[in-house]
Amino acid sequence: MRSAVTISLVPEARGGPFVYWDDLAAGCRAAAALGFNAVEVFPPGPDAVDRAALRELLDETGLALAAVGTGAGWVKHKLSLTSADAATRDKAVAFVQRTMDLAAQFGAPAIIGSMQGKWEGTVPKPTALRYLGGALFKLDEHAADLGHTLLYEPLNRYETNLINTQGDGAQFLAGLGTRNVKLLADLYHMNIEETNLADALRAAGPYVGHVHFADSNRRAAGLGHTDFAPIVAALVEIGYTGYLSAEVLPLPDSDVAARTTIESFRKYVS
Ligand code: LER
Ligand code: MN
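Because the structure is predicted, anything quoted here is derived from the model rather than measured.

Participant: I'm lost on the coordination of the manganese ion (ligand 2) in this one. Help?
Facilitator: When a metal carries six donors in an octahedron, the ideal angles between them are 90 or 180 degrees, while four donors in a tetrahedron ideally lie at 109.5 degrees. Within the protein, Glu153 (OE), Asp186 (OD), His212 (ND1) and Glu247 (OE) serve as the donor atoms for the manganese ion (ligand 2), at 2.1 to 2.2 Å. Seen from the manganese ion (ligand 2), its six donor atoms lie at angles of 69 to 173°, and the figure they make is octahedral. Sequence positions of the donors to the manganese ion (ligand 2) reduce to the motif E-x32-D-x25-H-x34-E. Of this pair, Glu153 sits in the loop between strand E6 (150–152) and helix H6 (166–176) while Glu247 sits in the loop between strand E9 (243–246) and helix H10 (254–268), and the two are 94 residues apart along the sequence. Judged on exposure class, the residue Glu153 and its partner Glu247 are both buried.

Participant: It is not clear to me how the site of ligand 1 should be interpreted in this structure. Could you clarify?
Facilitator: Within the structure, ligand 1 sits among Gly113, Ser114, Glu153, Leu155, Glu159, Asp186, His189, His212, Arg218 and Glu247. Taken together, the residues that form the shell around ligand 1 break down as one nonpolar, four polar and five charged.

Participant: I'm lost on the packing of aromatic side chains in this one. Help?
Facilitator: Each pair of aromatic rings is reported with the distance of its centres and the angle of its planes. The tally for this structure, following the rule as stated, stands at four aromatic pairs. Considering the side-chain rings of Phe18 and Trp21, the 5.7 Å spacing of their centres and the 80° angle between planes classify their relative orientation as edge-to-face. Owing to a relative accessible area of 8%, Phe18 belongs among the buried residues under this scheme. Overall, the relative accessible area of 16% leaves Trp21 in the buried class. With 5.8 Å between their ring centres and 50° between their planes, Phe228 and Tyr268 make a pair best called tilted. Taken together, the positions of Phe228 in helix H9 (residues 228–237) and Tyr268 in helix H10 put the pair 40 residues apart, joining distant regions of the chain. Using a relative accessible area of 1% as the deciding quantity, one classes Phe228 as buried. Following the ring pairs from residue to residue traces out a cluster consisting of Phe18, Trp21 and Phe42. One cation-aromatic arrangement involves Arg2 over Tyr243; the distance from NZ or CZ to the ring centre is 4.4 Å.

Conventions and cut-offs
- Residues numbered from 1 in each chain as written.
- Chains lettered and ligands numbered in written order.
- Predicted model: local features only at pLDDT ≥ 70, side-chain atom pairs only at ≥ 80, totals over all residues.
- Heavy atoms only, no water.
- Donors = N, O, S within 2.8 Å, 3.2 Å for Na, K, Ca; no water.
- Tetrahedral: all angles 85-135°; square planar, octahedral: opposite > 155°, others 65-115°.
- Helix = DSSP H or I, 4+ residues; strand = E, 2+ residues; numbered from the N terminus.
- Buried < 20%, exposed > 50% of the residue type's maximum accessible area, 1.4 Å probe, protein only.
- Near = heavy atom within 4 Å.
- Nonpolar A, V, L, I, M, F, W, Y, C, P; charged D, E, K, R; others polar.
- Phe/Tyr/Trp six-rings, centres within 6.5 Å; stacked < 30°, edge-to-face > 60°.
- Lys NZ or Arg CZ within 6 Å of the ring centre and 35° of its normal.

Structure representation (structure tokens):
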């Protein structure tokens with residue numbers, strides 16, 4: 001398993017669970033100085049990233065790109081894969097595709113989190129799940145063309161009413177028959193929704209493609225009451241070799257959140 005830390009470049013996401021903010025170069029250099037293996041980046045959009053500058057930064061710091069978030073598609077552009085409006089859904093799929101193209105250039109997957117939306121109003125739950133399934137099916141083909149995976153993230157009940165647990169996520173993907181879509185296991189969402197985090201990870205097994213490494217209160221691992229030993233043991237058991245990526249609140253500040261994360265990573269992952 002490898003360590004990663006998040007950098008948000010989206011002003012509209014202010015207050016959200018990202019360790020470093022606004023300055024890609026400063027975030028990368030701070031992450032590298034602490035010994036992280038990678039950064040996970042949340043850009044305002046796929047075209048808002050200077051690819052040459054990112055390549056140079058990664059070369060300079062020796063960091064990998066762990067993943068690229070699409071959250072700005074929702075918080076900034078109000079694009080949802082389950083919108084009642086067909087044109088908005090199409091734009092949402094295109095936004096994810098272009099983010100996948102960007103991420104693939106750096107060997108990374110894109111993440112679908114808040115862009116999954118929720119069922120409401122004129123879109124009942126079965127319809128929303130059909131829209132989401134159709135989008136994931138289409139994006140699965142794009143992932144195959146790129147030779148990369150796509151990450152789908154079940155969120156807690158306060159953020160979506162579609163799929164909240166790893167088990168429901170795995171069942172949904174199994175039903176679709178996608179091959180390149182994996183689950184993002186965010187330990188903060190799981191702390192709210194799962195009966196037992198380690199058991200849920202064991203059950204999801206090969207579907208687990210990325211982990212958001214967060215404590216019970218969405219602060220850095222070690223600043224809440226989650227017991228990480230059985231969780232890491234379960235990840236070892238299922239053969240997970242991906243990232244533990246700190247998508248956590250920058251509390252009390254970015255530096256302490258990042259330092260505490262890497263200390264916990266070293267403590268639990270040998
Ligand atoms: C949102 O709560 C979250 O966990 C993100 O990773 C999804 O955009
Ligand atoms: Mn997350």
